[in-house]
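This is what each chain is made of:
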Amino acid sequence: MNLTYRACKSQIERQSYTSKEDMQQKLDIFLVGDRITHPQYEELTAQLNVA
C-alpha cells in the first residue's frame, strides 16, 4: 500500500476535503500520474461516492 493511497483513503474516511468533485479530480490526477493503481482508484472513488 503506497502513501498516496493511504492519505487519500484517510482523507475520504474523515471527509476532510473541500468538495467531492475536488477530491475526485485529485484521484483522477493520481491515477494518471501512476501514484495509485486502477483498483485503488476504483475503491477510493466508490468510497467517495458513499461518503
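Structure: above.
Counting of residues starts from 1 at the beginning of each chain's written sequence and follows it residue by residue. With pLDDT at 70 or above as the cut-off, local features in this predicted model cover only qualifying residues; side-chain atom pairs require 80 or more to be listed or tallied, and sums for whole chains, interfaces and linings still use all residues. Neither water nor hydrogens contribute to the side-chain values; these are computed over all heavy atoms in the structure.

Undergrad: Lay out the overall build of the chain in plain terms, naming residues and giving numbers.
TA: The helix and strand inventory of the chain stands at three helices and zero strands. Counting from the N terminus, the helices are DSSP H or I runs at least four residues long and the strands are E runs at least two residues long. Each helix and strand of the chain, ordered N terminal to C terminal, gives the series α-α-α. Here the chain has a C-alpha radius of gyration of 10 Å; the compact-globule value for 51 residues is 10 Å, and the two agree. Think of it in three bands: with a 1.4 Å probe and only protein chains considered, a residue is buried below 20% of the maximum accessible area for its type, exposed above 50%, and partly exposed in between. Each of the 51 residues in the chain was classed as buried or not, and the buried ones make up 27%. Any two residues whose heavy atoms approach within 4.5 Å at even a single point are treated as in contact. Partitioning the intrachain contacts of the chain with sequence separation of at least 6 by distance along the chain shows that 55% fall at a separation of at least 24. Here, Shrake-Rupley sampling with a 1.4 Å probe gives the accessible areas, and only protein chains in the shown set may cover a residue. Summing over all exposed atoms, the chain offers an accessible surface of approximately 3,400 Å²; the carbon and sulfur share of this is 54%. Only four residue types enter the tally: Lys and Arg on the positive side, Asp and Glu on the negative side; His and the chain ends are excluded. Charged side chains are reduced to one point each, which is NZ for Lys, CZ for Arg, CG for Asp and CD for Glu. Of the charged side chains in the chain, 6 are positive and 7 negative, and the gap between their average positions amounts to 8 Å. Throughout, the radius of gyration refers to the C-alpha atoms, and the reference size of a globule is 2.2 Å times the residue count to the power 0.38.

Undergrad: An account of the side chain of Thr4 is requested, with residue identities and associated values reported.
TA: Examined against the element boundaries, Thr4 turns out to sit in helix H1 (residues 3-14). Classification of Thr4 by relative accessible area gives buried; the value is 11%. When neighbours within four sequence positions are excluded, Thr4 is seen to be in contact with Phe30, Arg35 and Ile36.

Undergrad: Hey, could you go over the environment of Thr45 for me, with residue numbers and the actual values?
TA: Looking at the element boundaries, Thr45 is found in helix H3 (residues 38-50). Judged by its relative accessible area of 15%, Thr45 is buried. Taking the C-alpha atoms as reference points, Thr45 and Gln24, 21 residues apart in sequence, are found 6.9 Å from one another.

Undergrad: Lay out H1 in plain terms, naming residues and giving numbers.
TA: Under the convention used throughout, the expected extent of a helix is 1.5 Å for every residue step, that is, one less than its residue count. Its 12 residues place the ends of H1 16 Å apart at the C-alpha level, agreeing with the 16 Å of an ideal helix rising 1.5 Å per residue. The opening residue of H1, the one whose side-chain oxygen lies 3.3 Å from the backbone nitrogen of Thr4, is Asn2. Once H1 ends, the next one or two residues include Gln15, with phi positive near 55°. Polar contact criterion, stated in full: a pair of N or O atoms within 3.5 Å, where within protein one must be able to donate a hydrogen and the other to accept it, and residues adjacent in sequence count only if both atoms are side-chain atoms.

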